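If you want the building blocks of each chain, they are given just below.
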Amino acid sequence: MDVVQLSLCSLFFVALLLACGRPFLDKLYATVFHGRQNVDYFRISGVPPPNPLPDFDVDKAKARPYRPFRWTYHQTMSLKKMEPDYWLELESTYRERVAQRKDLYRKHGKKIIDALPGSELACRELMDMVIQFLCVRYPNQFQFSGPILYNRILNTQSNVDQENPLEVLNNNVPEDFLLTLPDPKTGLYTMVAGVCCSSLGWNVATKIGKPLKEIHSVVPDYKDKMEFSMDRYFSKMPTDKPIQRGSWGLEVGQPLWLQDDDPHFALRTTQDPNLKIEDIYLRVDWQTLRRLPQSKSIVFNFKALFTPFSSFRNESHIPHLVLKVLTEGKKNLMEYKGTWHIEHKVVPVLKEWCKEQEGKGWVPENWEVRTLDEDPYFPGWND
Ligand code: HEM
């Protein structure tokens, strides 16, 4: 099929999407967008397909404003059901991020992408599932005509029979994926492969081959509060109940991939008196955990999203919550997050914004700070 025929095919398909109802679409998923193995992953995983976005424009798309701030703040798994439309969310940083990811891989090789023997099936299955998701959710932007994946945003093609599945992912979707399988000797879920560009202070090479408890050895309270429930959760997790959670930090600038020897890390050890509020960003890593139906691998995927800290001023209740966590949060959790280097600037400003929001009647005076009912968002975020 040449390029013209393929474009006509895609146009036809988009027209069908617009014109037809759900049952027809379901049939279409099964016939048009199967992976190379003729597998309909939506059906066999029990996770329904996402709703297509035929008018999607990646350059204008904004990610939902995740604000996973909790009070009282304990170390827990804090899991939420995954919304099938949002397994992978593309937005306006797409082009820049994919270019950055390719560059990181070129420079750092196995610290960004690696896979152990025995993980081949899981990596291929993951790639096929991601391709199915992208083609259904973003039908104008991605088409698959085996073995070629057409990326209409970047005008690139990937031959999925010839390329490393994790590289295909890195070249097409700005999302990190860490794959785990039970170790045949211990039964413990162990990281067997990964493609990861958004890591601060660690990388694929420092975690691959390790079980969950070693991966999380630096996470405060992990051993006492999480290890037992995590191992149990992993052994029982079904394919049709993916979950999501969020992790956050406050950063100077927008560091995506930082290693301990990077000069940027030194910023965390000082409170710069000249630091400007407009240089501070919220970094949220929005994460999904799901089991793949064929290989049974459990995959952890996540994406770093940056928002200027100054946005909090107009986000009802958020300054109160962040102020509470920064000033009264458990010391070991806050030290791990590394927020000390920006606190001298953000705490006074947050106090001002709290008063301002109370003055406007957005938040009652003496509001007893607690996790919002809208978590991980905030009241009025849709507007
Ligand atoms: C239910 C599943 C999981 C939970 C609840 C969880 C929880 C956590 C928590 C609480 C942290 C500290 C940062 C934060 O506040 O988020 C963390 C860090 C991390 N997690 Fe997980 N995690 C899960 C699954 C996984 C899996 C499957 C992997 C890898 C295969 C993984 C890899 C990591 C890594 C690499 C870090 C950074 C550790 C470091 O700073 O060196 N996590 N996780």
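In case you missed it, the structure is sitting above this.
Residues numbered from 1 in each chain as written. Predicted model: local features only at pLDDT ≥ 70, side-chain atom pairs only at ≥ 80, totals over all residues. Heavy atoms only, no water.

A.B. asks: Hey, could you go over the state of the cysteines for me, with residue numbers and the actual values?
C.D. replies: Tallied over the full model, the rule gives zero disulfides. Left without a disulfide partner, Cys197 is nearest to the cysteine sulfur of Cys196, which lies 6.7 Å away. (Disulfide = S-S within 2.5 Å.)

A.B. asks: Give me the lowdown on the packing of helix α11 (residues 318–328) against helix α13 (residues 340–359), citing residues and values where you can.
C.D. replies: Direction vectors running N to C along α11 and α13 enclose 145°, while the axes themselves pass 9 Å from each other. Handedness of the crossing formed by α11 with α13: left-handed. Here α11 contributes Pro319, His320, Val322, Leu323, Leu326 and Thr327 to the contact with α13, which in turn contributes Glu343, Val346, Val347, Leu350, Lys351, Trp353, Cys354, Gln357 and Glu358. Residue classes in the contact of α11 with α13 are distributed as nine nonpolar, three polar and three charged. (Axes fitted to C-alpha atoms, helices over the stretch in contact; angles between N-to-C directions. Helix = DSSP H or I, 4+ residues; strand = E, 2+ residues; numbered from the N terminus. Left-handed = near helix turned anticlockwise from the far one by under 90°. Contact = heavy atoms within 4.5 Å. Nonpolar A, V, L, I, M, F, W, Y, C, P; charged D, E, K, R; others polar.)

A.B. asks: Kindly report on the environment of Lys225, identifying the contributing residues and their values.
C.D. replies: For Lys225, the location among the structural elements is in helix α9 (residues 222–236). Residue Lys225 is classed as partly exposed on the basis of its relative accessible area, which comes to 46%. Through-space distance from the C-alpha of Lys225 to that of His74 is 9.1 Å; in sequence the pair is 151 residues apart. (Buried < 20%, exposed > 50% of the residue type's maximum accessible area, 1.4 Å probe, protein only.)

A.B. asks: Got a sec to walk through the site of the ligand? Specific residues and values, please.
C.D. replies: For the ligand, the set of nearby residues contains 20 residues, the closest of which are Lys207, His216, Arg245, Ser247 and Tyr336. One of the side-chain nitrogen or oxygen atoms of Arg245 is found 3.3 Å away from an oxygen atom of the ligand. A distance of 3.1 Å separates an oxygen atom of the ligand from a polar atom in the side chain of Ser247. The element contributing the most residues to the shell around the ligand is α9, with three residues. For the shell around the ligand, the residue count by class is 14 nonpolar, four polar and two charged. (Near = heavy atom within 4 Å. Polar contact = N/O pair within 3.5 Å; in protein donor to acceptor, adjacent residues only side chain to side chain.)

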